[in-house]
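Here is how the chains run, residue by residue.
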Amino acid sequence: SNSFCTLLRIKHSNTMADESAYDLRTQKATIAKTAPVGVEVVAGKTYFWCVCGKSKNQPWCDGSHAGTEFQPMPWTAPETKTAYLCACKRTKNAPFCDGSHQALKETVAPAAAAEGEKKPDL
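> Is there a simple way to think about the pairing of strand 1 (residues 37-41) in this case?
In summary, the side chains of a regular strand alternate between the two faces of the sheet. By the alternation rule, side chains of strand 1 split into Val37, Val39 and Val41, which are all buried, and Gly38 and Glu40, of which none is buried. Two elements, strand 1 and strand 4 (residues 81-85), share five bridges in a ladder whose sense is antiparallel. Bridging from a neighbouring strand, Val41 pairs with Lys81 of strand 4.

> What should I look at first to understand the pattern of salt bridges in this one?
Note on pairing: side chains with opposite charge can pair once their charged atoms come close. Summed over the entire model, instances satisfying the criterion amount to two salt bridges. For the salt bridge of Lys28 with Glu69, the shortest nitrogen-to-oxygen distance reads 3.4 Å. Here Lys28, found in helix 1 (residues 2-28), pairs with Glu69, found in the loop between strand 2 (46-49) and strand 3 (73-76); they are 41 residues apart in sequence, far enough to count as distant. Overall, the relative accessible area of 56% leaves Lys28 in the exposed class. The closest approach of N and O atoms between Lys81 and Glu79, which form a salt bridge, is 3.8 Å.

> Help me out: how do you make sense of the side chain of Ser55 in this one?
Structurally, the position occupied by Ser55 is in the loop between strand 2 and strand 3. Looking at Ser55, its side chain comes within polar contact range of the main-chain nitrogen of Asn57, at 2.9 Å. Here Asp62 takes part through its backbone nitrogen, which lies 3.4 Å from a polar atom of the side chain of Ser55. Here Ser55 is in contact with Cys50, Trp60, Cys61, Asp62 and Ser64, once residues within four sequence places are set aside.

> Got a minute to help me understand the side chain of His101 in this structure?
With respect to the helices, strands and loops of the structure, His101 is situated in helix 2 (residues 101-104). Exposure remark for His101: the relative accessible area of 7% places this residue in the buried category. Of the polar contacts made by the side chain of His101, one reaches the side chain of Gln102; its length is 3.2 Å. Here His101 is in contact with Thr34, Ala35, Pro36 and Cys88, once residues within four sequence places are set aside.

> Help me understand the nonpolar core, please; the structure alone is not making it clear to me.
Nonpolar side chains in soluble globular proteins tend to be buried together. Residues Val39, Val41, Tyr47, Trp60, Trp75 and Leu85 are the most contacted members of the largest nonpolar core, which totals 19 residues. The set of elements that each furnish at least two residues to this core consists of strand 1, strand 2 and strand 4. The residues touching Leu85, leaving out its near neighbours within four places in the chain, are Pro36, Val37, Val39, Trp49, Pro59, Trp60, Pro95, Phe96 and Cys97.

> Got a minute to help me understand the pairing of strand 2 in this structure?
Burial of strand 2 is one-sided: the residues Tyr47 and Trp49 facing one way are buried, the residues Thr46 and Phe48 facing the other way are not. Relative to strand 3, strand 2 is paired through four bridges, and the arrangement is antiparallel. Paired with Tyr47 across the bridge in strand 3 is Trp75.

Rules used in this analysis
- Residues numbered from 1 in each chain as written.
- Predicted model: local features only at pLDDT ≥ 70, side-chain atom pairs only at ≥ 80, totals over all residues.
- Heavy atoms only, no water.
- Buried < 20%, exposed > 50% of the residue type's maximum accessible area, 1.4 Å probe, protein only.
- Helix = DSSP H or I, 4+ residues; strand = E, 2+ residues; numbered from the N terminus.
- Pairing = 2+ DSSP bridges.
- Salt bridge = Lys/Arg side-chain N within 4 Å of Asp/Glu carboxyl O.
- Polar contact = N/O pair within 3.5 Å; in protein donor to acceptor, adjacent residues only side chain to side chain.
- Contact = heavy atoms within 4.5 Å.
- Core = buried A, V, L, I, M, F, W, Y, C linked by side-chain atoms within 4.5 Å.

Structural data, given as structure tokens:
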């Protein structure tokens, strides 16, 4: 029983360390866009999601991370569909958009964001 609890604690602490390492990396990532990218994906095909934000082929890796600490994230599509993938690189649910870009819109190029999207008053 004690060894099981210790194992759970170790597993949990390792997961947390991995997540915080990911968070630290993404803090340094280039913000490619402050909106998700909708892409058609095919079931069973593995794609390489750009983590660094420098790819000109968002949301996919084009090798622009060369010489940096970043590596692309492999992701295999579970089904054929349109997937909305993160382009701001701040998602907590990579490679998917989780809305994190909403907080960035005020801090990154506010004039461009204001020009690009006018929301109707509700």
